[in-house]
Amino acid sequence: MQCEMKKVIFIIFLVFFSTWSYGQGKRYIVVLKDSFEQPVRKVQTRDTDRERQERRNETVRSAKLEKLRGYMDRKGVGSRGNAKRFVDGAVGFIADLSSEEVRELESDESVAQVIEDFQMQGRPRMQGRPRMQGESFGSDWFYDPAAKASIAVGLMGGSERGTNNRSSIWILDSGIDARHRDLRVTRNPRVAVSFIDGESPFEDFAGHGTHVAGLAAGFGRGNPGITGMSAGAEVIPIKVLDRNGVGSWSNLVLALNHIEKFAVPGDVVMMSLGESGVVNCQNSEPFLRDIILDLGEKGIFVVMSAGNEGQSAGSNLPGCISGKNVFTVGSVDFSETGFLSCSGFSNAGAPPIDWLAPGANLVSTFPGNAYNVMSGTSMACALVAGLIHSNGGPPRAIQQINCGGATYSVAGR
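Residues numbered from 1 in each chain as written. Predicted model: local features only at pLDDT ≥ 70, side-chain atom pairs only at ≥ 80, totals over all residues. Heavy atoms only, no water.

1. Notes on the environment of glutamate 101
- With respect to the secondary-structure elements, glutamate 101 resides in helix α4 (residues 99–106).
- Glutamate 101 has contacts with Lys75, Val77, Arg80 and Asp96, leaving out every residue within four places of it along the chain.
- Here arginine 80 takes part through its side chain, which lies 2.5 Å from a polar atom of the side chain of glutamate 101. (Helix = DSSP H or I, 4+ residues; strand = E, 2+ residues; numbered from the N terminus. Contact = heavy atoms within 4.5 Å. Polar contact = N/O pair within 3.5 Å; in protein donor to acceptor, adjacent residues only side chain to side chain.)

As structure tokens, then:
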């Protein structure tokens, strides 16, 4: 009898623990309304120096964080060790919540939105194996040895150096190999950050972030070397994708909040990641849309990939978002002599696609002082990000291409 009672108690414990774990295990992004507290970005003191800008708003930021802490304590989530707060781009927090807590927050008049966290990814297509320093590139790598660049760079008008030394290219990705000879990566640990536990922003185990960094800003010091559209521009790695090229949506929210603290006019924010199949995409997460639009209004350029599903770019978040200084980039195939047609993998739709750029068979930098060829709208996005940075403004349409009944402009100088 005693043995049977122990079994019953053990089963009850297992059921209780499983139910509790399930309820506690789901992670949510909770965004509060402006009526509760406005984000720092709406009252921000701007500065041309990014670190001084961050410091000048610290008193306001601390007060908002303290108010948010009090709210979280009242809701019983303030003491959870993995809970994270944000107040610069929007006001809210990220935490593991039970279903009862979610229902309570959704009914709270101070809450604008409760979003269950999900996974997102960068979506490159890699070909062949990486080539190390000193190895030659085959003709199938579309490499111009005279320019030390992908042929695509020349087709878009060639590489140039930007005129604004204060501006940088933020790359929200899998990190960047800061030791690569072809890249000028900031080593400032207050500005370059990782939202992946246990991984540094200055390391890239997936290769995606290092590859796009070279297309945007490589300066050809290596052998053979890669020169990007804005040669030698400073790149700032913000790691939101792990060694498998996957990250949580909450990472992107925290990354954009971080950029609102530090970004200055002339900066370019590059995002080659996202989630496809989003219904009412532009308005599905108003707080995220408003942060991106706010950056654009402040003269900070936001460049996003259209996605590689061969579907509608209008359902790919965040690339579906359109606004001033906010651009979405699709991919066009190319040869040594010119542009061909839209890449079959590229999402389509104008809007939201603002520009096409070469996205198939792009050679660029790779971790370990290596080089590799990748394809995807990520690569096209990187070229346009570098072009905008070196121009200090939007591209020029150098060719019109019709695909699937829509006409697109190819970006160039």
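2. Things to note about the layout of surface pockets
- Taken as a whole, the largest pocket holds about 210 Å³ of empty space.
- Forming the boundary of the largest pocket are Arg27, Asn82, Lys84, Ile94, Asp117, Phe195, Ile196, Asp197, Ser248, Ser250, Asn251 and Leu254.
- Ranked by the residues each element gives to the lining of the largest pocket, the list is headed by helix α7 (residues 249–262), at 3 residues.
- By residue class, the composition of the lining of the largest pocket is 4 nonpolar, 4 polar and 4 charged.
- Split by domain, the lining of the largest pocket shows at least three residues from each of two domains, domain 1 (26–117) and domain 2 (121–412). (1 Å grid on protein atoms, 1.4 Å probe; cavity = no way out; pocket = protein on both sides within 12 Å on 5 of 7 lines; lining within 4 Å. Points joined across faces, edges and corners; volume = space filled by probe spheres on them. Nonpolar A, V, L, I, M, F, W, Y, C, P; charged D, E, K, R; others polar. Domains from an automatic or database assignment.)

3. Comments concerning the sheet that holds strand β2 (residues 84–86)
- With antiparallel pairing, the 4 strands of this open sheet are ordered in space as β2-β3-β1-β4. Both edges of this open sheet fall to β2 and β4 (111–116), since each of them pairs with a single strand only. On average, each strand axis in the sheet is tilted by 15° relative to the strand beside it, whichever way the strands run.
- Here β2 pairs with strand β3 (residues 92–96) via 3 bridges, running antiparallel. Bridge pairing in β3 places arginine 85 opposite phenylalanine 93.
- Packed on one face of the sheet, α4 meets β1 (27–32), β3 and β4 and runs near 150° to β4. (Pairing = 2+ DSSP bridges. Axes fitted to C-alpha atoms, helices over the stretch in contact; angles between N-to-C directions.)

4. Quick word on the packing of aromatic side chains
- Counting across every chain of the model gives 6 aromatic pairs.
- Arranged with centres 4.9 Å apart and planes meeting at 20°, the rings of phenylalanine 118 and tryptophan 249 form a pair that is stacked. With phenylalanine 118 in the loop between β4 and β5 (119–121) and tryptophan 249 in helix α7, this pair connects stretches of sequence that are 131 residues apart.
- You can call tryptophan 249 buried: its relative accessible area is 0%.
- An angle of 20° between the planes, with centres 5.0 Å apart, marks the rings of phenylalanine 137 and tryptophan 141 as stacked. (Phe/Tyr/Trp six-rings, centres within 6.5 Å; stacked < 30°, edge-to-face > 60°. Buried < 20%, exposed > 50% of the residue type's maximum accessible area, 1.4 Å probe, protein only.)

5. Topic: the pairing of strand β9 (residues 169–173)
- Summarising burial for β9: 5 of the 5 residues are buried, a large majority.
- Burial along β9 is two-sided: the face carrying Ile169, Ile171 and Asp173 and the face carrying Trp170 and Leu172 are both buried.
- Summarising the sheet, β9 and strand β12 (residues 234–239) pair through 5 bridges and their orientation is parallel. Across the sheet, residue tryptophan 170 finds its bridge partner in β12, namely isoleucine 236.
- Relative to strand β14 (residues 268–271), β9 runs parallel, the two being bridged by 4 bridges. Looking at the pairing, isoleucine 169 lines up with valine 268 of β14.

6. A look at the UniProt feature "domain: Inhibitor I9" (unreviewed entry) in the protein chain
- Taking the numbering used here, the UniProt-annotated feature "domain: Inhibitor I9" (unreviewed entry) corresponds to residues 27–121.
- Its end C-alpha atoms 18 Å apart, residues 27–121 is made of 34% helix and 24% strand. (UniProt positions renumbered as here; feature names shortened; annotations may be inferred.)

7. Here we look at the pattern of salt bridges
- Using the criterion set out here, one finds 26 salt bridges in the structure.
- The residue lysine 64 makes a salt bridge to glutamate 37 at a minimum N-O spacing of 2.6 Å. A residue pair is termed long-range when its members are at least 10 positions apart, and lysine 64 in helix α3 (residues 58–74) and glutamate 37 in the loop between β1 and α2 (50–56) qualify at 27 residues. Of the two residues, lysine 64 and glutamate 37, both sit in the buried class.
- When the shortest N-O distance is used, the salt bridge between arginine 243 and glutamate 199 registers 3.5 Å. With arginine 243 in the loop between β12 and β13 (246–248) and glutamate 199 in the loop between β11 (193–194) and α6 (208–217), this pair connects stretches of sequence that are 44 residues apart.
- Since its relative accessible area comes to 46%, arginine 243 is described here as partly exposed. (Salt bridge = Lys/Arg side-chain N within 4 Å of Asp/Glu carboxyl O.)

8. A look at the confidence of the model for the protein chain
- When pLDDT is averaged along the protein chain, the result is 91, and 92% of the positions lie at 70 or above.
- Taken as a whole, residues 5–24 scores under 50 in pLDDT and shows 7 contacts with residues more than four places along the chain or in a different chain. (pLDDT = per-residue confidence, 0-100.)

9. Observations regarding the domain arrangement of the protein chain
- Entries for the protein chain in the domain assignment read domain 1 (26–117) and domain 2 (121–412).
- Each of domain 1 and domain 2 has a C-alpha centre, and the two are 29 Å apart.
- Between domain 1 and domain 2, the contact holds 23 residues from the first and 30 residues from the second.
- Across the interface of domain 1 and domain 2, roughly 2300 Å² is buried in total on both sides, 52% from carbon and sulfur atoms.
- The largest per-residue losses of area from domain 1 upon contact with domain 2 belong to Arg41, Arg46 and Arg50, which jointly make up 30% of the total buried on that side.
- On the surface where domain 1 and domain 2 come into contact, there are 4 salt bridges.
- For arginine 190, the salt bridge goes to glutamate 54, with nearest N and O atoms at 2.7 Å.
- Joining domain 1 to domain 2, the criterion identifies 19 residue pairs in polar contact (both at pLDDT 80 or more).
- Contributions of two or more residues to the side of domain 1 that touches domain 2 are made by β1, α2, β2 and β4.
- Grouping the constituent residues of the side of domain 1 that touches domain 2 by class yields 7 nonpolar, 5 polar and 11 charged. (Buried area = accessible area lost by both parts, 1.4 Å probe.)

10. Thoughts on the UniProt feature "active site" (unreviewed entry) in the protein chain
- Under the UniProt annotation, the feature "active site" (unreviewed entry) is placed at Asp173, His208 and Ser378. What stands out for the annotated residues spanning 206 residues is how close their C-alpha atoms remain, the widest pair being 10.1 Å apart.
- Relative to the helices and strands, aspartate 173 is located in strand β9.
- Under the relative-accessibility criterion, aspartate 173 is labelled buried at 1%.
- Other than its neighbours up to four places away in sequence, aspartate 173 contacts His208, Gly209, Val212, Ile238, Lys239, Val240, Leu241 and Ser272.
- Side-chain polar atoms of aspartate 173 contact the side chain of serine 174, separated by 3.3 Å.
- Mapped onto the secondary structure, histidine 208 falls in helix α6.
- Classification of histidine 208 by relative accessible area gives buried; the value is 3%.

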